Protein chains: 2
Amino acid sequence: MTRVRVDLNISLDGFATTTDQTPENPFGDDWGRLTRDYTVTRTFRQRVLHDTTGEGTTGVDDAYAERYFAELGAEIMGAGMFGLHANPDDPDWRGWWGDEPPFGFPVLVLTHAPRAPIVFANGTEFHFLTATPAEALARARELAGGRDVRIGGGAETVRAFLRDGLVDDLHVAIVPILLGRGVRLWDDLRGLERDYSVTSEAAESGVVHTTFRRGA
Amino acid sequence: MTRVRVDLNISLDGFATTTDQTPENPFGDDWGRLTRDYTVTRTFRQRVLHDTTGEGTTGVDDAYAERYFAELGAEIMGAGMFGLHANPDDPDWRGWWGDEPPFGFPVLVLTHAPRAPIVFANGTEFHFLTATPAEALARARELAGGRDVRIGGGAETVRAFLRDGLVDDLHVAIVPILLGRGVRLWDDLRGLERDYSVTSEAAESGVVHTTFRRGA
């Protein structure tokens with residue numbers, strides 16, 4: 001049965017999306033610090049960097065990275081995560097991920113300015129639509145063919161799905177750094193834990209993996 | 001050698017001080033939720049409630065509760081934590097803790113309106129002073145006689161000492177609830193982790209104990 005899943009890296013002070021990007025430094029510095037322990041896992045290196053050497057960490061962080069990629073049939077992401085905000089004037093923008101985006105399934109990009117779909121040889125298809133969270137999720141469920149749907153990000157998109165009660169599994173990798181700036185994940189979510197069982201596990205890296213799980 | 005220590009309970013969304021107090025409910029509901037797993041430990045029951053039955057939890061939360069009370073020679077707290085803000089018109093206010101406050105050593109209360117000291121039979125003495133964090137700490141070191149100094153709270157007081165680089169050990173018990181309101185511990189502390197080694201441990205209760213430790 002389809003479960004709706006979220007996986008995010010956040011700082012100890014709760015920032016999931018960074019805001020220190022500049023034209024010269026399009027990801028900013030904070031993003032790298034937030035995702036460092038994830039990007040050195042063996043799974044990330046295989047799945048995103050197409051590294052076939054088998055190198056990378058294999059501990060707790062890697063176990064969560066494996067789950068991140070498992071059982072997915074569709075994803076929903078915000079326009080900012082796809083890169084539309086950073087590239088508003090480029091009608092040919094195809095995302096950050098090169099010619100082999102690490103999806104292999106349909107991705108719905110929420111935007112007020114839809115554009116034509118983009119289809120890659122590896123099964124990744126970006127579809128652009130204007131929709132409420134529930135509408136987008138209904139469409140994603142159809143596309144997922146019984147597999148899971150991931151709400152990819154960023155923080156504001158995830159928070160909208162959480163507020164509407166649409167998420168079954170929320171996993172946050174809490175990185176022990178204080179960013180002091182960015183977009184907070186937790187705003188306006190008082191009492192969220194009531195609908196979930198919450199567990200935490202500390203990784204060798206110092207990252208704490210906290211999981212909200214509903215009705216499983 | 002004296003170490004300057006902080007121990008706080010915070011919510012997953014970073015609130016250390018609650019703001020839902022009313023005259024009818026002077027602690028509010030959030031405070032109880034933030035401190036629940038701490039207040040059911042065997043150590044808290046013995047040290048604060050004077051419970052001699054030996055009841056209470058004895059796992060990871062209790063191990064941190066024991067450390068909370070160990071090796072202390074003095075404490076510094078804000079006026080709000082002592083209760084001056086909640087009882088501004090009561091010159092005889094003696095704190096929340098009854099006739100046996102769980103200190104047994106001098107406590108410096110930072111306030112813009114100092115009053116006469118209060119001395120209890122069990123060694124607890126509340127002294128009221130107007131001082132910068134560094135000035136208050138110098139006085140507390142003298143009083144501590146080589147033992148540790150604890151910065152008790154609330155969040156704003158702790159943050160002032162952290163910002164001034166005066167804290168050696170910061171322990172936060174992160175409770176897996178989202179309060180959505182209160183006073184945040186982490187504001188304006190970007191990069192704090194650079195001066196510390198940071199470790200985390202998950203307790204049986206679901207609380208995550210994160211410790212910032214400097215130069216030990």
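That block above? That's the structure.
Presented here is an overview of the structure given in this document. What you see is a predicted model; the values in this text were computed from it and never measured.

### Re the relation of the copies chain A and chain B
Mapping chain A onto chain B is achieved by rotating through 180° and translating by 0.0 Å along the same axis, at an RMSD of 0.0 Å. Expressed as a symmetry operation, the mapping of one chain copy onto the other fits a two-fold axis. It is A:Ala202 whose C-alpha, among those of chain A, lies nearest the rotation axis, at 3.3 Å. Of the residues that chain A buries at the interface, 100% are likewise interface residues in chain B, meaning the two copies contact each other through the same surface.

### Brief notes about the sheet that holds strand E7 (residues 148-153) of chain B
All names here are of chain B. Read across the open sheet, the nine strands follow the order E5-E6-E4-E3-E7-E1-E8-E11-E10; overall the sheet is mixed. Strands with a single pairing partner mark the edges of an open sheet, and in this sheet they are strand E5 (118-119) and strand E10 (197-202). Pairing geometry for strand E1 (residues 4-11) and E7, over three bridges, is parallel. Paired with Val6 across the two strands is Ile151, which belongs to E7. Those strands touched by helix H1 (residues 30-39) are E1 and strand E8 (169-175), and its axis lies near 120° from that of E1. Sheet strands touched by helix H5 (residues 133-144): E1, strand E3 (72-78), strand E4 (106-110) and E7. Its angle to E3, the strand with the most contacts, is close to 155°.

### Digging into the sheet that holds strand E6 (residues 125-129) of chain A
Residues and elements named next belong to chain A. Taken in spatial order, the nine strands line up as E5-E6-E4-E3-E7-E1-E8-E11-E10 in an open sheet, and their pairing is mixed. If you trace the sheet from one side to the other, it starts and ends with strand E5 (118-119) and strand E10 (197-202), each paired once. Two elements, strand E1 (residues 4-11) and strand E8 (residues 169-175), share seven bridges in a ladder whose sense is parallel. Residue Ile10 lies in a different strand from E8, and its bridge partner there is Ile174. Sitting on the sheet, helix H5 (residues 133-144) is in contact with E1, strand E3 (72-78), strand E4 (106-110) and strand E7 (148-153), with an inclination near 155° to E3. Sheet strands touched by helix H6 (residues 155-163): E1, E3, E4, E7 and E8. Its angle to E7, the strand with the most contacts, is close to 130°.

### A short note on the interface of chain A and chain B
Each side of the interface is counted separately: chain A has 27 residues, and chain B has 27 residues. In this assembly, chain A packs against chain B so that about 2100 Å² is buried in total across both faces, 56% of it on carbon and sulfur atoms. Ranking the residues of chain A by area buried against chain B places A:Leu12, A:Leu178 and A:Arg190 at the top, with a combined share of 32%. The interface formed by chain A and chain B holds six salt bridges in total. Here chain A and chain B share twelve residue pairs in polar contact (both at pLDDT 80 or more) between them. Mapped by element, the contributors of at least two residues to the side of chain A that touches chain B are helix H1 (30-39), E10 and strand E11 (208-213) of chain A. Grouping the constituent residues of the side of chain A that touches chain B by class yields 13 nonpolar, five polar and nine charged.

Scoring rules and cut-offs
- Residues numbered from 1 in each chain as written.
- Chains lettered and ligands numbered in written order.
- Predicted model: local features only at pLDDT ≥ 70, side-chain atom pairs only at ≥ 80, totals over all residues.
- Heavy atoms only, no water.
- Least-squares fit on C-alpha atoms with pLDDT ≥ 70 in both.
- Contact = heavy atoms within 4.5 Å.
- Pairing = 2+ DSSP bridges.
- Helix = DSSP H or I, 4+ residues; strand = E, 2+ residues; numbered from the N terminus.
- Axes fitted to C-alpha atoms, helices over the stretch in contact; angles between N-to-C directions.
- Buried area = accessible area lost by both parts, 1.4 Å probe.
- Salt bridge = Lys/Arg side-chain N within 4 Å of Asp/Glu carboxyl O.
- Polar contact = N/O pair within 3.5 Å; in protein donor to acceptor, adjacent residues only side chain to side chain.
- Nonpolar A, V, L, I, M, F, W, Y, C, P; charged D, E, K, R; others polar.

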